[in-house]
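# Structure assessment
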Amino acid sequence: MVTSVPLRKQPVQRRSAKRVEQMLKACAALIDELGYDGVTTTLIAERAGVAVGSLYQFFPDKRAVVQALTKRNLDYFTAEIDRRLDWDHLEHWWHGVDTIIDIYVEMYREIPGFARVRFGDVIDLRFIDDERDNNTVIADQIAGLVAQKVNVPVESLYRTITIASDIGDTILALAFRRKLFGEQDMIDEAKRVVRAYLAREF
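Residues numbered from 1 in each chain as written. Predicted model: local features only at pLDDT ≥ 70, side-chain atom pairs only at ≥ 80, totals over all residues. Heavy atoms only, no water.

Moving on: the packing of aromatic side chains. A complete count under the given rule lists seven aromatic pairs for this structure. Ring geometry for Tyr104 against Tyr108: centres 6.2 Å apart, planes inclined by 45°, an arrangement best described as tilted. Highlighted residues: Tyr104 and Tyr108, both in helix α5 (residues 97-110), separated by four residues, approximately one helical turn. Take Tyr104: its relative accessible area is 9%, and that puts it in the buried class. (Phe/Tyr/Trp six-rings, centres within 6.5 Å; stacked < 30°, edge-to-face > 60°. Helix = DSSP H or I, 4+ residues; strand = E, 2+ residues; numbered from the N terminus. Buried < 20%, exposed > 50% of the residue type's maximum accessible area, 1.4 Å probe, protein only.)

Given below as structure tokens:
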């Protein structure tokens, strides 16, 4: 379970929810432009078209805004995995590796702010959850989803999915973060290596 984002209060009314959404969109755009360190709560409020006091009604600081953005991205990632995988016709669940990697790559290329902070590891290795590192939280989310869909105990999947997730992330980092090799070559390599690992395990 991902720890809750430290909101001062939950946006109950539609108008309040819209303001929070404006702040998150503004934060994502600013991260793309300035990086995490260059973003301030004042800049977020200005870009969102709200008073900085309105931002502080919902978020205690910039970190909390980015945590909310990160949690939304993680929820989107998990929801897209569930939506795109044809669970009823998946001969072996590891055949979904290509789809999961494709979703991550699409987010990296298309979701505002994601390429600069991803799931928070750029800021803090325990950005999503104070008690677990970010990759562990992500692997836990995927393992829980897969276990539910294929009706197997999550404990039997957790170790394998954690390792597979770290393998894929490390290979993709060579293209997207370290920029040592071509993006498509590393995307294809990540798929090949992760699939080979899972095939060996199962």
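We now examine the environment of Ile31. Position of Ile31 relative to the elements: it lies in helix α1 (residues 14-38). Sequence-wise, Ile31 and Glu91 are 60 residues apart; in three dimensions their C-alpha atoms are separated by 40 Å. Beyond its immediate chain neighbours, meaning those up to four positions away, Ile31 contacts Val39, Val66, Leu69, Gly113, Arg116 and Val117. (Contact = heavy atoms within 4.5 Å.)

We now examine the side chain of Arg132. Within the secondary structure, Arg132 is located in the loop between α6 (114-117) and α7 (134-150). In terms of polar contacts, Arg132 uses its side chain to reach the side chain of Asp129, at 3.1 Å. (Polar contact = N/O pair within 3.5 Å; in protein donor to acceptor, adjacent residues only side chain to side chain.)

The terminal C-alpha atoms of α5, which comprises 14 residues, lie 20 Å apart, in line with the 20 Å expected from a rise of 1.5 Å per residue. Those residues of α5 lying buried are Val97, Ile100, Ile101, Ile103, Tyr104, Val105, Met107 and Tyr108. Those residues of α5 that are buried lie in contact with α4 (62-84), α6, α7, α8 (155-176) and α9 (183-201). (Expected span 1.5 Å × (residues − 1).)

Next up on the list: the nonpolar core. Formed by 39 residues in total, the largest nonpolar core has its most connected members in Phe77, Ile81, Phe119 and Ile142. Looking at this core, the elements with two or more residues in it are α4, α5, α7, α8 and α9. The contacts of Ile81, once residues within four sequence positions are left out, are Trp87, Ile100, Ile103, Ile142 and Leu145. Val20, Cys27, Leu30 and Val117 belong to the second largest nonpolar core, which has 24 residues in total. (Core = buried A, V, L, I, M, F, W, Y, C linked by side-chain atoms within 4.5 Å.)

Once that is clear, we can look at the pattern of salt bridges. Counted by the stated rule, this structure contains 15 salt bridges. Two residues, Asp75 and Lys71, come together in a salt bridge whose shortest N-O distance is 2.9 Å. One end of the pair, Asp75, and the other, Lys71, are both in helix α4, four residues apart, so they sit about a helical turn from each other. Salt-bridge contacts for Arg118 lead to Asp121; the nearest nitrogen and oxygen are separated by 3.1 Å. Relative accessible area serves as the criterion here: at 8%, Arg118 is assigned to the buried category. A residue is classified by how much of its surface remains accessible, and Asp121, at 23% relative accessible area, is partly exposed. (Salt bridge = Lys/Arg side-chain N within 4 Å of Asp/Glu carboxyl O.)

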